[in-house]
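# Inside the fold
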Amino acid sequence: FLTAHDTTESRAAAHEAGAEAYFRKPVDTQALLDAMRALSPEFVAIRQDIHAHPELAFEERRTSDLVAERLQRWGYEVTRGLGGTGVVGQLKRGTGTRKLGLRADMDALPVTERNVLPFASKQTVLTDAGTSSGVMHACGHDTHMTAWIGAARRLSAMKSQWSGTLVMIGQPAEERVAGAKKMLEDGLFKRFPKPDTVIAFHDNSALPAGVIGYTDGPALANVDGIDIKVRGVGGHGAVPQLTRDPIVLAARIVTSLQTLVSRETSPFDTAVVTVGSFHSGSKRNIISDEANLQLTVRTYSPAVRAHLLDGISRIARGEAIAAGLPDDLMPIVTKDGESADATFNTHDLTMRMARLFTDRFGPDRVKPVQASMASEDFGVFYLTDPSIQSLIFWVGGVPQDKWDAAGGDVARLPSLHSALWAPDAEKVIATASEALTAAALDILARH
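Anyway, here's the lowdown on the structure attached to this text. (Residues numbered from 1 in each chain as written. Predicted model: local features only at pLDDT ≥ 70, side-chain atom pairs only at ≥ 80, totals over all residues. Heavy atoms only, no water.)

### Examining the overall build of the protein chain
What the protein chain contains, in helices and strands, is 13 helices and 18 strands. The C-alpha radius of gyration of the protein chain comes to 24 Å, within 12% of the 22 Å expected for a compact globule of 447 residues. When its C-alpha atoms are laid out on the principal axes, the protein chain stretches across 85 × 45 × 45 Å. Charged side chains in the protein chain number 47 positive and 53 negative. The centres of these two groups are separated by 2 Å. (Helix = DSSP H or I, 4+ residues; strand = E, 2+ residues; numbered from the N terminus. Rg over C-alpha atoms; globule rule 2.2 N^0.38 Å. Lys, Arg positive; Asp, Glu negative; His and termini not counted. Charge placed at Lys NZ, Arg CZ, Asp CG, Glu CD.)

Now the structure itself:
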C-alpha cells in the first residue's frame, strides 16, 4: 500500500519492487499486519471513516465518492452512478485478453450500533416503515470496501506482474439484494468489459479473524421477501367481541408458519421461514384495523422454495377463515423486491483459489465450510452468464480473544447484523486484501 502522499514515480517503483518480492514468499500473518500498520495508516483511517458514516442501500453517495476518488487517484478509469450509486473502475495492463471483476458491497443496515468505539456510528434515519433507526455497518461492508480498495492500490502499483483487464465493481444495495441487478440493468456487462471471472469476499462471524473459508458449489441461499397485510375490524379495547383483532390473527399466522419447515419440509432439505417484523396498533386501548408482517424465506431447492411460498399464502388465508373474517378482509400476501437466487461458486475456480490461498496462508488458515442460509446478490453476475467463473469466499472476523473465550461456540458470539458485531478489522482487511491481490495476479498472470 501507499499513502496519499506516495504519488511519485520513484515511490511507486519502489513499492512495486517490494510488492513483487513480497509475493514471492509465503504470508506470515504477523508480518502482514505489521506491514499494513506501518505502511498504511491511510487504510485504517478509511475503514474507520466508512464505519462512522454508514449509508443505507441506494443512498451510498458519500461512500461511492470516497472509493471512486481513490480508484481515480491510482489510475483507474472510473464511472460513477451505475445502478444508482454504484462505481466501476477499469484498469488495463499489457495485451492480455482475460478480464477479472472484483466486487465489494457498500451499503449498511438500519441497526443502532451498541459498540463502544471512538468511530462508532451516530447516524440515524427514518426507515421505510416510518420508524427511526440508527445506521451501522453491522455486516462488515466497511471492511469489504477497505480491503477491495487496498487490492486495487496494490494491483495498480504492480503493473509489470499482470496482463489483462481489471474491473473493480463497487456495488450498492447488497442488503436489499438489489444492487447487482440494478448495475446489470444499467449496462455493467455492456458498457464495460464483461469479466470472465468474478470474485468477492465477505467477512464472517463464525470463523476466527484471518481464517479463509470457501464452499464449492451452492454457497448462499435463495431468499424471498414476503409481506403479509393482516386485516381486521378495529374498535375499543374494552369490547373486543365487537371487533376482529388483527394482532391476534397475525400472531396465529406467525405460529402456524413455523410448521412449514418443522412439519411440511423434509429434514433432509434446508429451509428457513423468519418473521422479522410485526407492526400494528397505536394505543393500548385501541384494537387496530391492520397488522403488517415482514418475512424472509431461505431455501436452496426450487421445489422447496415453491412449496414454502405457496404455504405462506395458504396458512394466512386459512387462519383468517378460522378467525371468521369475510372474503373481502382476507390477508394480502405480496412478494417484495428483496428476493434473490442462490449464489453458486463454480468448481474449477473455487478449487484453484483454495489451493492458491492454502499455499499463501497455510492449511490452518484456509478451510472448506458449509453453505450458508444467508443470501447475496453477488450470484446474479454468474446467473446472467453461466460461462463466467464465480467465487465468493469468507474471511473470519471474530477477534481471537473472543473466539477463545467462547470456546469456538458461535452461539456465544455476536453474529452478522448484530448491533454488537465488531470484527478484528485489521486482520479481515489484511487477509482479504492479500487474498484478492493474489487471486488477481494468478488469474491475470503474464504468459
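### Digging into helix α13 (residues 425–443)
Every α-helix winds through 3.6 residues per turn, so residues three or four apart in the chain are directed the same way. With 19 residues, α13 should cover 27 Å at 1.5 Å per step; its first-to-last C-alpha distance of 26 Å lies within 8% of that length. With 16 of 19 residues buried, α13 is to be regarded as a mostly interior element. (Expected span 1.5 Å × (residues − 1). Buried < 20%, exposed > 50% of the residue type's maximum accessible area, 1.4 Å probe, protein only.)

### Here's the deal with the nonpolar core
Core analysis: the biggest nonpolar cluster contains 53 residues, and Y76, L102, I199, M353, F357 and F393 have the highest contact counts within it. The leading source of residues in this core is α13, at eleven residues. Once residues within four sequence positions are removed from consideration, F357 is found in contact with I212, G362, V366, F393, A435 and A439. Judged by nonpolar contacts, the second largest core, of 23 residues, contains V230, I253, V273 and L325. (Core = buried A, V, L, I, M, F, W, Y, C linked by side-chain atoms within 4.5 Å. Contact = heavy atoms within 4.5 Å.)

### Describing the pairing of strand β7 (residues 197–208)
The element β7 is largely enclosed, with a buried count of eleven among its twelve residues. Bridge count between strand β3 (residues 99–105) and β7: three bridges; the pairing is parallel. Each residue of the ladder has a partner; that of L102, found in β7, is I199. As paired elements, β7 and strand β18 (residues 389–398) share nine bridges and run parallel to each other. Note that in β18 the partner of D203 across the bridge is V395. (Pairing = 2+ DSSP bridges.)

### Side note on helix α7 (residues 246–257)
A rise of 1.5 Å per residue sets the reference length of α7, with its twelve residues, at 16 Å; its end C-alpha atoms lie 16 Å apart and thus fit the reference within 8%. The complete set of buried residues in α7 reads P246, L249, A250, I253, S256 and L257. Taken around the axis of α7, the buried residues stretch over an arc of 125 degrees, which confines them to a single face. Buried-residue contacts for α7 involve β10 (222–231), α8 (259–262), β12 (271–280), β13 (286–287), β14 (290–299) and α9 (302–322). (Arc of directions from axis to C-beta.)

### Considering the packing of aromatic side chains
Tallying each qualifying case throughout the model produces seven aromatic pairs. Their ring planes at 40 degrees and their centres at 6.1 Å tell us that F189 and F381 sit as a pair that is tilted. In this pair, F189 sits in the loop between α6 (179–185) and β7 while F381 sits in helix α11 (residues 379–384), placing the two residues 192 residues apart along the sequence. The residues F189 and F381 share a single accessibility class, namely buried. Ring plane angle 70 degrees and centroid distance 6.4 Å describe the contact between F357 and F361, whose orientation is recorded as edge-to-face. In this pair, F357 and F361 are both assigned in helix α10 (residues 347–361), four residues apart and thus about one turn of the helix distant. (Phe/Tyr/Trp six-rings, centres within 6.5 Å; stacked < 30°, edge-to-face > 60°.)

### Description of the side chain of N204
Summarising the element assignment, N204 is placed in strand β7. The class of N204 is buried, set by a relative accessible area of 10%. A polar side-chain atom of N204 sits 2.5 Å from the main-chain amide nitrogen of A206. Among all residues touching N204, those that are not within four sequence positions of it are W394, V395, G396, G397, V398 and W421. (Polar contact = N/O pair within 3.5 Å; in protein donor to acceptor, adjacent residues only side chain to side chain.)

### Some words on the sheet that holds β14
Spatially, the four strands line up as an open sheet ordered β12-β14-β10-β15, and their pairing is antiparallel. Among the strands making up the open sheet, the edge pair consists of β12 and β15 (332–335). Averaged over all pairs of adjacent strands, the angle between strand axes in this sheet comes to 20 degrees, irrespective of strand direction. As paired strands, β10 and β14 are joined by ten bridges and run antiparallel to one another. (Axes fitted to C-alpha atoms, helices over the stretch in contact; angles between N-to-C directions.)

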